[in-house]
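# Structural characterization, general
Single-letter residue listing:
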Amino acid sequence: MSVLVLILAVSAACCLGFGFVLQQNAARQAPLSDFLSPRLLLDLVKVPRWLGGIGLMVAGMVLGAIALGHGEVSLVEPLLATNLLFALALSRKQSKQPLGRQGWAGLALLAGGVTAFIVAGEPRGGTAVTDPFRHWLIIGAMTSLALLLTTYAKRSRLSSGPVLLALAAGLLYGVQDALTRVSGQRFSEGGLTELLTGWQPYAVLVLGVTGLVLVQSAFETADLRMSLPALTAAQPLAGIVCGVGFLGDRLRTDTGALTWEALGLAAVVAGIVLLGMHPAMPRGAARSEPARDLQPS
């Protein structure tokens, strides 16, 4: 594994983790009437803390894009999942909560799972799939699932809506990461003209804005501990599927390697859940409205 990719991906995770906490601190004060509406972004853009969080998230996305330009999606995505460690660190400072057994166990599972997956799978580059059907099949499946989750979230109650929205956003961000790598390759091969004549950079923009609305709506309606674990778990899984599915990423496929890869990903998800549910994670603002269907007014 390249030291440069490691530094870039972990730095990106740090910016993303800090940014998510600041965004949720601000979004939880937004009116519920802005749920799943672009108005939410227009309201939040007036809040300095949210702008700071967005600035950190953008910095994280830029660092992540550079890391994706030097390493495989299947390598970078698990490293980006460590953003939860940094989110917890900032949340602990705000809440003064000790790490405790739950925190240490989540940290060990997340770090150990990422290490096990990378060591066992040995992610490496290969020949990208040129068949457009494979591209659209995988991208279509991910975006369709995200749409289904979002539709159900609008009809569900406050207890489950934020989790579904965060899962949907994570899927979109995973696809966005894969298309970011494709865009970087097009730029390297033909410069700005080659980049702008492809559909990928425009899809990256649309996915980014859509994911942002979903994430802020999830942050607006519930504690960070409900939304961030789902977001952090879905993104690397979707990215790995895209990386192996059509970007040509290669993983070891012998029985022992596959077993450790599966165990590693399971440990990552378990660690994410434990850390995301830690008492130090910020709570949402108390809402005067009773639990109701999440429908934009």
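That block above? That's the structure.
Here goes a summary of the coordinates provided. (Residues numbered from 1 in each chain as written. Predicted model: local features only at pLDDT ≥ 70, side-chain atom pairs only at ≥ 80, totals over all residues. Heavy atoms only, no water.)

### Details of the overall build of the chain
Across its full length, the chain holds 11 helices and 0 strands. Starting at the N terminus and ending at the C terminus, the chain contains elements arranged as α-α-α-α-α-α-α-α-α-α-α. For 297 residues, the compact-globule estimate of 2.2 N^0.38 gives 19 Å, and the chain sits close to it at 18 Å. Across its three principal axes, the chain shows a C-alpha extent of roughly 55 × 45 × 30 Å. (Helix = DSSP H or I, 4+ residues; strand = E, 2+ residues; numbered from the N terminus. Rg over C-alpha atoms; globule rule 2.2 N^0.38 Å.)

### With respect to the pattern of salt bridges
Under the counting rule described, the total for this entry stands at 4 salt bridges. The salt bridge partner of Asp249 is Arg181, with a shortest N-O separation of 2.6 Å. Placement of Asp249 in the loop between α10 (224-246) and α11 (255-276) and of Arg181 in helix α8 (residues 161-196) is noted, with a sequence separation of 68 residues between them. The buried category is assigned to Asp249, whose relative accessible area is 3%. Looking at Arg181, the relative accessible area reads 10%, which means it is buried. A salt bridge links Arg186 to Glu194, with the shortest nitrogen-to-oxygen separation between them at 3.4 Å. Under the relative-accessibility criterion, Arg186 is labelled buried at 18%. Through salt bridges with shared partners, a single network forms among Glu122, Arg252 and Asp254. (Salt bridge = Lys/Arg side-chain N within 4 Å of Asp/Glu carboxyl O. Buried < 20%, exposed > 50% of the residue type's maximum accessible area, 1.4 Å probe, protein only.)

### Some details on helix α4 (residues 73-80)
Of all 8 residues in α4, 8 are buried; the element is thus mostly enclosed. Looking at α4, one finds that the buried residues are Val73, Ser74, Leu75, Val76, Glu77, Pro78, Leu79 and Leu80. Among the structural elements, α1 (3-27), α3 (48-70), α5 (83-95), α6 (100-121), α8 and α10 are those in contact with the buried residues of α4. (Contact = heavy atoms within 4.5 Å.)

### Looking at the environment of Tyr152
Relative to the elements of secondary structure, Tyr152 occurs in helix α7 (residues 132-155). Overall, Tyr152 belongs to the exposed group, its relative accessible area being 53%. Taking C-alpha positions, Tyr152 is 15 Å from Ser227, a pair spaced 75 residues apart along the chain.

### A closer look at the nonpolar core
Within the largest apolar cluster, 79 residues are counted, with the highest numbers of intra-cluster contacts made by Leu228 and Leu231. Ranked by residues supplied to this core, first place goes to α8 with 12 residues. Filtering out sequence-adjacent residues up to four positions away, Leu228 remains in contact with Phe20, Asn83, Leu84, Ala87 and Met281. (Core = buried A, V, L, I, M, F, W, Y, C linked by side-chain atoms within 4.5 Å.)

### Observations concerning the packing of α8 against α10
Between α8 and α10, the shortest axis-to-axis distance is 7 Å and the interhelical angle comes to 30°. Between α8 and α10 lies a crossing whose hand is right-handed. Of the residues in α10, those in contact with Pro162, Val163, Ala166, Leu167, Ala169, Gly170, Leu171, Tyr173, Gly174, Val175, Asp177 and Ala178 of α8 are Met226, Ser227, Ala230, Leu231, Ala234, Gln235, Ala238, Gly239, Cys242 and Phe246. The residue makeup of the contact of α8 with α10, split by class, is 16 nonpolar, 5 polar and 1 charged. (Axes fitted to C-alpha atoms, helices over the stretch in contact; angles between N-to-C directions. Left-handed = near helix turned anticlockwise from the far one by under 90°. Nonpolar A, V, L, I, M, F, W, Y, C, P; charged D, E, K, R; others polar.)

### Focus on unusual backbone geometry
In this structure, Glu122 takes a positive phi of about 45° despite not being glycine. In this structure, Glu122 sits in the loop between α6 and α7.

### Some remarks on the packing of α8 against helix α9 (residues 200-221)
Geometry of a packed helix pair, given as the angle between the helix axes and the separation of the axes. Direction vectors running N to C along α8 and α9 enclose 155°, while the axes themselves pass 7 Å from each other. In terms of orientation, α8 lies roughly antiparallel with respect to α9. By crossing handedness, the relation of α8 to α9 is classed as left-handed. Here the residues of the contact of α8 with α9 are counted per class, giving 21 nonpolar, 9 polar and 1 charged. (Parallel < 35°, antiparallel > 145°, perpendicular 65-115°, else oblique.)

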